[in-house]
Amino acid sequence: MTALLQILFDALSLGSLYALGALGIALIFGVMRLVNFAHGDYIAFCVFALLWPSIDAAAIVFAGNLPTIILIPLILAIGAGLSVLSEILVFRRFRNANPATMMIASFALGYVLKNFLLMLFSSRPKSIDLWSNLSQQVEIAGARIPLLQVITITITIVILIALTAFLKRTRFGLEMRAAAENFTMARMLGVKANRVIMLAFAISGMLAAAIGLILATQSGTVDIQMGMSVMLVAFIATVIGGLGSLPGAVIAGFLIGGASVLMQVILPLEARPFRDAFVYGAVIACLIWRPQGLLAPKSAKQRV
Amino acid sequence: MAQRSSLLARTISTLIILILILVAIAVVTKLLGSRPFERTVVEMFIRVMLVVGIYIFVGNSGVISFGHMGFMCIGAYAAAWFTIPAVMKQVSLPGLPNFLINTQLPIFLSAFLAGLLAALFALIVGRILMRLSGIAASIATFAMLAVINVVYSNWDSVTGGTGSIVGIPFYTGIWTALGGAILVVIIAYLYQISRSGLALRAGRDEATAAAASGVNIVRERLIAFVISAFVIGVAGALYGHFLGVVNPDAFYLGVTFITLSMLVVGGMNSLSGAVMGVIVISGIIQLLRWLEKGVDLGGTTLAIPNGLQEITIGLVMIVILMFRPSGLTRNREITWRFKGATKPSE
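Fair warning: this is a prediction, and the values are worked out from it, not measured in the lab.

Chemist: Looking at this structure, how should I read the packing of aromatic side chains?
Modeler: Aromatic ring pairs are described here by two measures, namely the spacing of the ring centres and the angle between the planes. Scanning all chains against the criterion turns up 20 aromatic pairs over all chains. Taking the centre distance of 5.0 Å and the plane angle of 75 degrees together, the rings of Phe37(A) and Phe235(A) count as edge-to-face. Here the residue Phe37(A) occupies a position in the loop between α1 (2-32) and α2 (39-48), and Phe235(A) occupies one in helix α9 (residues 226-241), the gap between them amounting to 198 residues. Under the relative-accessibility criterion, Phe37(A) is labelled buried at 6%. Here Phe37(B) and Trp290(B) contribute two aromatic rings whose centre-to-centre distance is 5.8 Å and whose plane-to-plane angle is 20 degrees, an arrangement assigned as stacked. One end of the pair, Phe37(B), is in helix α2 (residues 35-61); the other, Trp290(B), is in helix α14 (residues 271-293), with 253 residues separating them in the sequence.

Chemist: Explain helix α6 (residues 107-129) of chain B here, please?
Modeler: The periodicity of an α-helix, 3.6 residues per turn, causes residues three or four positions apart to be oriented the same way. With 23 residues, α6(B) extends 32 Å between its outermost C-alpha atoms, agreeing within 8% with the 33 Å of an ideal straight helix rising 1.5 Å per residue. At Leu123(B), α6(B) is bent by approximately 25 degrees, the largest bend along its length. Listed as buried for α6(B) are Ile107(B), Ser110(B), Ala111(B), Ala114(B), Gly115(B), Ala118(B), Ala119(B), Ala122(B), Val125(B), Gly126(B) and Leu129(B). The secondary structure elements touched by the buried residues of α6(B) are α11 (275-289) of chain A together with α3 (69-83), α7 (134-154) and α12 (217-243) of chain B.

Chemist: Sorry if this is basic, but what is going on with the pattern of salt bridges here?
Modeler: Side chains that differ in sign of charge can pair as their charged atoms come close. Under the definition given, this model contains nine salt bridges over all chains. For Arg275(A), the salt bridge is made with Asp276(A), and the minimal N-O distance between the two is 3.2 Å. Arg204(B) is paired through a salt bridge with Asp205(B); the nearest N and O atoms lie 3.0 Å apart. Here the residues in one salt-bridge network are Glu87(A), Arg92(A) and Arg95(A), joined through shared partners.

Chemist: Would you mind going over the interface of chain B and chain A with me for this structure?
Modeler: Accessible area lost during the coming together of the parts is what is often quoted as the interface size. The partner chain A presents 38 residues to the 39 residues of chain B that form the contact. Linking chain B with chain A are zero salt bridges, by the criterion used here. There are two residue pairs in polar contact (both at pLDDT 80 or more) connecting chain B and chain A. Of all the secondary structure elements, the ones that give two or more residues to the side of chain B that touches chain A are α6, α7, α13 (253-266) and α15 (308-323) of chain B. The dominant element in the side of chain B that touches chain A, judged by the number of residues it contributes, is α7(B), at 12 residues. Split by residue class, the side of chain B that touches chain A holds 31 nonpolar, six polar and two charged.

What counts and what doesn't
- For every chain, the first residue of its written sequence is number 1, and the numbers climb from 1 along that sequence.
- Lettering of chains starts at A and numbering of ligands starts at 1, both following the order in which they are written.
- Only residues with pLDDT of 70 or above have their local features reported here, since the model is predicted, and side-chain atom pairs are shown and tallied only from 80 upward, although totals for entire chains, interfaces and linings are computed over all residues.
- As a rule here, side-chain values come from all non-hydrogen atoms in the structure, and water together with hydrogens is ignored.
- Planes of paired rings set the category: under 30 degrees apart is stacked, over 60 is edge-to-face and the rest tilted, where pairs are Phe, Tyr or Trp rings (Trp by its six-membered ring) whose centres lie within 6.5 Å.
- Segments assigned H or I by DSSP are reported as helices when at least four residues long, segments assigned E as strands when at least two residues long, and all are numbered from the N terminus.
- We call a residue buried when its accessible area falls under 20% of the maximum for its residue type, exposed when it is over 50%, and partly exposed in between, using a 1.4 Å probe and counting protein chains only.
- The span you would expect from a helix comes to 1.5 Å times its residue count less one.
- The angle separating two fitted axes, one through the seven residues that finish at a residue and one through the seven that start at it, defines the bend at that residue.
- Contacts between residues were defined by any pair of non-hydrogen atoms, one from each residue, lying within 4.5 Å.
- A carboxyl oxygen of Asp or Glu within 4 Å of a side-chain nitrogen of Lys or Arg is what we treat as a salt bridge.
- N or O atoms within 3.5 Å of each other form a polar contact, as long as, within protein, one can give a hydrogen and the other can take it, and as long as residues adjacent in sequence are counted only when both atoms are side-chain atoms.
- The classification used treats Ala, Val, Leu, Ile, Met, Phe, Trp, Tyr, Cys and Pro as nonpolar, Asp, Glu, Lys and Arg as charged, and all other residues, Gly among them, as polar.

Purely geometric stuff here, so don't read any function into it on its own.
Rendered as structure tokens:
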């Protein structure tokens, strides 16, 4: 029972990260059909914003020393700002380009961001001590769960509820949902395209910042590659969930997280190094089974 | 038949021009006689093979594939299995079956077999994957790449795990690489004017109309997928003989993105775009490397700071795409006529 609870918490906290990432990618895809490959680099950028630029092995913590109450909004603002800035400077000019061109443009932007960080900080992973007291364990129903896992899951749930409320209850949320459903029609009915898209980028950037903070606290290191793996899985999750569907993205994120943890447990020992191969195999099976995704929005259906 | 020959006559100039450009680059490089520069050009020719290989599938079918570098991985490792001396294989790759350990094939035969192995893999996987289209197909090919990478990174006794396998004979020089690049361009050209290639292009532009005219899109896609896998498998083998070392991460995300970027920057729906994309991007990278090393200007050396090269190449790609969203060649082929160049099969 306790082992089961442990597995459940592992799965939920890993799934939380993937779900937040998938949400950030799905939001932007919904409004402008852009698969944003720079998302992983937003995550890394937000984490490196905690440090002072130096190429030494030891991290010089700068912004990371601020009191939590200021630090969190600051990092979220940096994420949102970076994301909105990339919309204004780059993606705005690609509104009418085909998806492949936009995708490569976003990849090129991510490449620029990554190498910018490399130039300032070098490629060596640095250790950072961010809220390390959160790694202590708490006892829930007999199982010892790291406090951080509980917090990660709680934060994710809070974010999901807040975002749902925002999308369902406010005017901006309504506009965003309308734009995701049918962008042209929404514009005809008076939704301002720039405002909706910038809002989507801002929220997506904040989600990236949140992931960055959680990752940095979890691993205690800062690494240029840290956003990459989350971004890839998140990207897969948005497709499995049904491109453009926000609930689908979240569910698929949790599913992939759950599948990874579960396979780690149930696979025989000699097959464990190949775990990711099984996870990606499951991804292919899922795509064959439902090519449109688990929860495909109506607008995704191809019309003839 | 009459129509076929006229299509050949109308489009053959593209093939000739592209081959001439490649030969010219090789000859100029030889005349310059700089060893490091020659290695850069060899690498560029291998990239031409890779990008044109991707183009055979992506350009003709319109489905973006993130998975083709998996075939490069298969090809490069197959070349390692076929050509490393038996004594070394017994030590470094003890898990190989006996007949593989004891055979050591000539390089061209081994490269051909490496391509066949990649093609066979593509045939099996493609039968499932080619049923998907659009972004779902892209993700599925990416998942395929990830599976290949995980397997080759962890199957230690056969692939040496994440470490590198050394001992692959050095062979690929500038003429081999040039030959490979020309061969691949010819294959791509013949495929795109073949019945299957034209049907696939029709399916790319108007899926419903093409299907209504009797085009079996899944089948044509599978043909293109297998041909491109063969080409990339051979390119992987030549790459192995160029570096003398293989390791699985050389065939993962980095090379996937750089080759796709070259294709899109060049213009992903035309063969000329695939070739020109490689030449232009490689040219810019080389130029920036020289600048990074420093240019001698009247006694003072001007150099751009380290790391700026990568940033600049990213920015250049963004700017090119901003002004030419459909690529440098605007998805057209280069032909003799400078004005009103013919669009491919449109």
